[in-house]
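Each chain, letter by letter, is given below.
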Amino acid sequence: MKSKFHIIPIVWMTAILGISYGNALSSIRWESGKGVFLFHIEAENSIQFDSVDKIREEGCFILDIHKIEKIYENRTLAPGDLRLKKVVVQSRPWEEVIRFQFFPGSGVHWKIIPSPDLMSLRVEFHAISEVTASSNIKSNSSHAPSRFTPPASAESRPEAPLFLSSRKLIVIDPGHGGFNKGARTAYTIKGKHYWEKDLVMQYALKLKYLVDQSPNLSAVMTREKDVYVSLGDRVNFAQKHKGDLFFSIHLNASPNPGSKTARGIEIFHWRDAGTDNAAIRYLEKLENDQLLPELPKSDNVELKSILASMLKDALEEQETKSARFCHVLWDVMSRNPYFKKYHRTPVVKNARFVVLANYAMPSLLVEVGFLSNKEEANYLISDTFQWTSAKLFYNGIQSYFEQEDPNFKAHYIK
Ligand SMILES: [Zn+2]
């Protein structure tokens, strides 16, 4: 049998976000044969997997390999064979899964065959005409026509869109950066202090990771490195990119370091009327850079001119939407036992944070918890907790758009 053999080096599977342990993949390769197309997945330890047929809904079937704690860079593989159009490979670290979405060609049967030692899986793809020749093969089939389409005509046929819902652009804003370090842990943990600017970046990257995997959202970040970006520039950036939502991530600290009572999540939206609450006014000062004399004062001047202009009406409209977004997010987050327990009452509040004064899109600022609280700080720095939070942020965003836009098909993470 004349066959084309293809091996992909595992080099592309760069571990990101600095996590690496447990079972891992050792190779992915495929073979184009005359009677069958084979896709092989090999791992370092025995493989646990399951598969779901989503041909009708999404044009693919899903193969999940479990207990894969390593995070791989996501990839779309195009083997260049009509029996397998493409494979989307996606790490799902929140459930320790690496997911393969196989998009078979029209009229193609497939089956998944584990090796006896379970160290590898072979996925076979047969065109139906090939299957009927050897009728003893029992397998699944895609819904498409029952005849294998010849190469030339199949190649010229445009692919149907996989998802019909429109993509929303999320502007993720990791607070602070550069010389502006934000809040700090009140106690050392593992011999060091943690700064808000570094931690919020970890939350932001995780949220971005999840958004990038989704079929209906995309994301940009106001900063991707440890650099200072002024508050006005963050708003301008969001408007320039025509974001659908602005999501600012912060961590709080009490003016009394080590305070046990200052703890829990708070979610803020803009309200022009401002607030009488002293604690919030303290936080506004912290988040609005007013304690940093070396900053240009233009932010607030600009803000005042915006408010004075005709844009004020637009801002008021966003105020309502932003408040709704905050409540939807809390509704999702409060189902998590941690956040249910550690919340400030009320959770949803308003404040005059400069980054929230955005007339172009609903905007919120979440203070995930208090770094000044010893018990809470241990959670806030943990990778697992950050993934849980990012997943809730993500589901909150999905829920908001589902309620806001009838054309939006939500896509939740379990
Ligand atoms: Zn902050």
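Fair warning: this is a prediction, and the values are worked out from it, not measured in the lab.

### A few points about the overall build of the chain
Helix and strand counts for the chain stand at 11 helices and 17 strands. Sorting the 414 residues of the chain into buried and exposed places 38% on the buried side. Contacts in the chain between residues at least 24 apart in sequence constitute 71% of all its contacts with a sequence separation of at least 6.

### What about the environment of Ala-410?
Position of Ala-410 relative to the elements: it lies in the segment after α11 (383-404). Judged by local crowding, Ala-410 falls into the partly exposed class, with 16 C-beta atoms found within 10 Å. Considered as a pair, Ala-410 and Gln-398 are 12 residues apart in the sequence and their alpha carbons are 5.4 Å apart. Setting aside residues up to four positions removed in sequence, Ala-410 forms contacts with Gln-398, Ser-399, Phe-401 and Glu-402.

### Some points on unusual backbone geometry
Positive phi, close to 60 degrees, is recorded for Leu-118, a residue that is not glycine. Relative to the assigned elements, Leu-118 resides in the loop between β9 (108-114) and β10 (120-127). By C-beta crowding, Leu-118 is classed as partly exposed, having 13 other C-beta atoms within 10 Å. For His-176, which is not glycine, the phi torsion reads 60 degrees and is therefore positive.

### Regarding helix α4 (residues 196-213)
Residue pairs spaced three or four apart in an α-helix point in one direction, given the helix's 3.6 residues per turn. Look at α4: 26 Å from first C-alpha to last across 18 residues, which is about the 26 Å you get at 1.5 Å a residue. Taking burial as the measure, the 18 residues of α4 include 14 buried ones, the bulk of the element.

### Re the pairing of β9
As paired strands, β9 and β10 are joined by 7 bridges and run antiparallel to one another. Paired with Lys-111 across the two strands is Glu-124, which belongs to β10. If you look at the hairpin formed by β9 and β10, you'll find 5 residues sitting between the two strands, and Leu-118 has a positive phi there, around 60 degrees.

### Observations concerning the packing of α4 against α11
It is at 9 Å that the axes of α4 and α11 come closest, and there the two elements cross at 50 degrees. When the axes of α4 and α11 are compared, the pair comes out oblique. Seen from above, α4 lies across α11 with right-handed handedness. Here Gln-202, Tyr-203, Lys-206, Leu-207, Leu-210 and Val-211 of α4 lie close against α11, whose contacting residues are Gln-386, Trp-387, Ser-389, Ala-390, Lys-391, Phe-393 and Tyr-394.

### Re helix α6 (residues 278-287)
Of the positions making up α6, those classed as buried are Leu-283, Leu-286 and Glu-287. Seen from one end, α6 has its buried residues packed into an arc of 85 degrees, which puts them on one side. Exposed residues on α6 whose side chains face more than 90 degrees from its buried face are Ala-278 and Lys-285. Buried residues in α6 make contact with β14 (245-252) and β16 (343-351).

### Quick notes on the environment of Asp-212
Here Asp-212 lies in helix α4. When the C-alpha atoms of Asp-212 and Asn-74 are compared, they prove to be 9.6 Å apart, with 138 residues separating the residues in sequence.

### Some words on the nonpolar core
Counting residues in hydrophobic clusters, the biggest one holds 66 residues, and the most contacted among them are Ile-170, Leu-207, Phe-247, Ile-267, Leu-329 and Leu-364. Considering every element that reaches this core, the biggest residue donor is α4, with 9 residues. Excluding its chain neighbours within four sequence positions, the residues that come into contact with Ile-170 are Val-211, Leu-217, Ala-219, Gly-243, Asp-244, Leu-245, Phe-247 and Ile-397. Residues Ala-43, Cys-60, Phe-61 and Val-89 belong to the second largest nonpolar core, which totals 26 residues.

### Some details on the pairing of strand β12 (residues 168-174)
The buried fraction of β12 amounts to 6 of the 7 residues, a majority that puts the element mostly inside the structure. Pairing between β12 and strand β13 (residues 217-221): 5 bridges, direction parallel. Residue pairing in the sheet places Ile-170 in a bridge with Ala-219 of β13. Bridge analysis of β12 against β14 gives 5 bridges, and the strand direction is parallel. Opposite Pro-174, over in β14, you have Ile-249 as the bridge partner.

### Side note on the sheet that holds strand β7 (residues 84-92)
Pairing in this open sheet of 5 strands is antiparallel, and the strands run β4-β5-β8-β7-β6 from one edge to the other. Of all the strands in the sheet, the pair left with one neighbour each is β4 (48-54) and β6 (75-77). Recorded for the sheet is a direction-independent mean angle of 20 degrees between the axes of neighbouring strands. Where β7 meets strand β8 (residues 97-104), 8 bridges bridge the pair, whose relative direction is antiparallel. Its bridge partner being in β8, Leu-84 is matched across the sheet by Pro-104.

### Concerning the sheet that holds β13
Pairing within the open sheet is mixed, and its 6 strands lie in the order β13-β12-β14-β17-β15-β16. The strands lining the two open edges of the sheet, one partner per strand, are β13 and β16. Put simply, the sheet's adjacent strands are angled 25 degrees from each other on average, direction ignored. One ladder, built from 5 bridges, connects strand β15 (residues 265-270) with β16; its direction is parallel. Looking across to β16, one finds that Ile-267 is bridged to Val-348. Sheet contacts for α4: β12, β13, β14 and β17 (363-370); angle to β14, the most-contacted strand, approximately 145 degrees.

### A few points about the confidence of the model for the chain
When pLDDT drops low, the exact placement of atoms in the prediction is not to be read closely. With 79% of its residues at a pLDDT of at least 70, the chain reaches an overall mean of 80. The secondary structure element of the chain with the lowest average pLDDT is helix α3 (residues 151-156), at 33, and the one with the highest is α11, at 96. In the predicted structure, residues 132-139 sits below a pLDDT of 50 and forms 5 contacts with residues beyond four places in sequence or in another chain. Taken as a whole, residues 290-298 scores under 50 in pLDDT and shows 6 contacts with residues more than four places along the chain or in a different chain.

Criteria and thresholds
Residues numbered from 1 in each chain as written. Predicted model: local features only at pLDDT ≥ 70, side-chain atom pairs only at ≥ 80, totals over all residues. Helix = DSSP H or I, 4+ residues; strand = E, 2+ residues; numbered from the N terminus. Buried ≥ 20, exposed ≤ 12 C-beta atoms within 10 Å, placed from the backbone. Contact = placed C-beta atoms within 7 Å. Expected span 1.5 Å × (residues − 1). Pairing = 2+ DSSP bridges. Axes fitted to C-alpha atoms, helices over the stretch in contact; angles between N-to-C directions. Parallel < 35°, antiparallel > 145°, perpendicular 65-115°, else oblique. Left-handed = near helix turned anticlockwise from the far one by under 90°. Arc of directions from axis to C-beta. Core = buried A, V, L, I, M, F, W, Y, C linked by C-beta atoms within 7 Å. pLDDT = per-residue confidence, 0-100.

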